[in-house]
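Here's the letter readout for the chains.
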Amino acid sequence: MTNEETANLNFNNISVLNQIWDKGSSFSYETNSRPDFGICFILSGGIKYKTEKGDFFAEKSDAVILKKDALYRADFNKNATHNILINFNCDMLAESSEFFGSKSGITILKKRGDLQNDFLEILNYYLMPGRECMVKSKLYCILDGICGFVPRDLTVMRIKHIIESDTEFKLCEPEIAKMCSLSVSTLQRIFKKEYGKSISEYRNALRISKAKKLLISRNYSMNDIAERLGFCDSGYFSRFFKKQEGLSPTKYLKQYYKM
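Parameters at a glance
Residues numbered from 1 in each chain as written. Predicted model: local features only at pLDDT ≥ 70, side-chain atom pairs only at ≥ 80, totals over all residues. Heavy atoms only, no water. Helix = DSSP H or I, 4+ residues; strand = E, 2+ residues; numbered from the N terminus. Buried < 20%, exposed > 50% of the residue type's maximum accessible area, 1.4 Å probe, protein only. Contact = heavy atoms within 4.5 Å. Areas by Shrake-Rupley, 256 points an atom, 1.4 Å probe, with all protein chains shown as cover. Pairing = 2+ DSSP bridges. Axes fitted to C-alpha atoms, helices over the stretch in contact; angles between N-to-C directions. Polar contact = N/O pair within 3.5 Å; in protein donor to acceptor, adjacent residues only side chain to side chain. Salt bridge = Lys/Arg side-chain N within 4 Å of Asp/Glu carboxyl O. Core = buried A, V, L, I, M, F, W, Y, C linked by side-chain atoms within 4.5 Å.

Novice: What is the right way to look at the overall build of the chain in this model?
Specialist: Secondary structure assignment for the chain yields 11 helices and 9 strands. Looking at the chain as a whole, 43% of its 259 residues qualify as buried. Nonlocal contacts in the chain, meaning residues at least 24 apart in sequence, comprise 72% of its contacts between residues at least 6 apart. In the structure as shown, the chain presents an accessible area of about 13,900 Å², 46% of it carried by carbon and sulfur atoms.

Novice: Is there a simple way to explain unusual backbone geometry in this structure?
Specialist: Leave glycine aside and you will find that most residues have negative phi; peptide bonds, for their part, are mostly trans. In the Ramachandran plot, lysine 111 falls in the positive-phi region, its phi being about 50° despite a non-glycine side chain. Considering the arrangement of structural elements, one finds lysine 111 in the loop between strand E9 (106–109) and helix H3 (116–126). The backbone of arginine 218 sits at a positive phi, close to 60°, despite the residue not being glycine. Position of arginine 218 among the secondary structure elements: in the loop between helix H8 (199–217) and helix H9 (222–228).

Novice: Help me understand the sheet that holds strand E6 (residues 63–66), please; the structure alone is not making it clear to me.
Specialist: Adjacent strands of a sheet pair through backbone hydrogen bonds, lying either parallel or antiparallel. Ordered by their spatial adjacency, 5 strands build an open sheet running E1-E8-E3-E6-E9, and the pairing between neighbours is antiparallel. Because the sheet does not close on itself, it has two edges, and the strands there are strand E1 (12–21) and E9. In this sheet, neighbouring strand axes are inclined to one another by 15° on average, regardless of whether the strands run parallel or antiparallel. Where strand E3 (residues 37–44) and E6 come together, 4 bridges link them in antiparallel fashion.

Novice: Even after reading the chapter, I still don't get the side chain of asparagine 83, so can you show me in this structure?
Specialist: Within the fold, asparagine 83 resides in strand E8 (residues 81–89). Looking at asparagine 83, its side chain comes within polar contact range of the side chain of glutamine 19, at 2.8 Å. At a separation of 3.2 Å, a polar atom in the side chain of asparagine 83 contacts the side chain of tryptophan 21. The residues touching asparagine 83, leaving out its near neighbours within four places in the chain, are Leu17, Asn18, Gln19, Trp21, Cys40, Phe41, Ile42, Leu43, Ile47 and Phe76.

Novice: How do you make sense of the side chain of serine 137 when you look at a structure like this?
Specialist: Here serine 137 is to be found in helix H4 (residues 132–147). Within the structure, serine 137 has its side chain in polar contact with the backbone oxygen of methionine 179 (distance 3.5 Å).

Novice: For this particular structure, what's the right way to read the environment of methionine 134?
Specialist: Within the secondary structure, methionine 134 is located in helix H4. The spacing of methionine 134 and glutamate 121 is 13 residues in sequence and 9.4 Å in space, taken between C-alpha atoms. In this structure methionine 134 touches Tyr125 and Met179, once residues within four positions along its chain are discounted.

Novice: For this particular structure, what's the right way to read the environment of phenylalanine 57?
Specialist: You can see phenylalanine 57 is positioned in strand E5 (residues 54–59). Given the relative accessible area of 33%, phenylalanine 57 is considered partly exposed. Phenylalanine 57 sits 18 residues away from aspartate 75 along the chain, and the two C-alpha atoms are 9.5 Å apart. Once residues within four sequence positions are removed from consideration, phenylalanine 57 is found in contact with Gly46, Ile47, Lys48, Asp62, Lys78, Ile108 and Lys110.

Novice: Help me understand the pattern of salt bridges in this model?
Specialist: Any two side chains of opposite charge can pair, on the condition that their charged atoms come close. Tallied over the full model, the rule gives 13 salt bridges. Of the charged contacts, one joins lysine 110 and aspartate 62 as a salt bridge, the two residues approaching to 2.6 Å between their closest N and O atoms. Of this pair, lysine 110 sits in the loop between E9 and H3 while aspartate 62 is found in the loop between E5 and E6, placing the two residues 48 residues apart along the sequence. A relative accessible area of 41% places lysine 110 in the partly exposed class. Accessibility expressed as a relative area gives 0% for aspartate 62, which makes it buried. Each of Lys50, Arg73 and Asp75 takes part in salt bridges that share partners, so that together they form one network.

Novice: Quick question: what am I supposed to make of the nonpolar core here?
Specialist: Nonpolar side chains tend to gather and get buried jointly when the protein is soluble and globular. Counting 42 residues, the largest nonpolar core has Phe11, Ile14, Ile39, Ile86, Phe88, Phe119 and Leu139 as its most contacted members. Of all the elements, H4 adds the most residues to this core, at 8 residues. Leaving out residues up to four positions away in the same chain, phenylalanine 119 has contacts with Ile39, Cys40, Phe41, Ile84, Ile86 and Ile142.

This is how it looks when you write it as structure tokens:
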């Protein structure tokens, strides 16, 4: 995939499963093909994948790439096989013949113990309410490590997604930098180079856009809007709005409904 294509990847329907299988267990996608992409990390035990192209065996510390629409059977032949499985969808990947492109639908990456902490972290984030942005961020990290995406493109995507997923504007720049494994200065430099504005300016534009939608709906008081947008009170929100737009929220509403 090109750098431009990679930068536009959008993952959805992400699920992270913590699985423990007894010896002799199995499941099959031999009749109905796999409905989504998957990445599996083996913490202990092993899995034998049977496909039309042959058999593949994954064991402890291996990562397994599972292609969407793959046909296979998975047999658990060792005691207490423990794995973490990430399922997700991505339209662009589904259209690409190069990515996840194994003809068997199964690719075993041997001895990838370097990925274990990333899989444990994404499972932890997935189980915590309200951490969807961190789940996606960690998925980008895992794909970066597995598939050789261009780091700059992935970093830009992670930063933008985290910022836009923070709908209540509670994250500060050091927290965003930590989530992206960057220093604050590197975070600011990368974002400014890509978008031509600072993170603060970008977030302010998002805040104003959301504020206008909430004001126009007439379903929320000034206090409600201030709370939803992360302001300490309605007075601070009004001053912020006027500084950005040149008129108060009340005058904006009057002007809007005159149009």
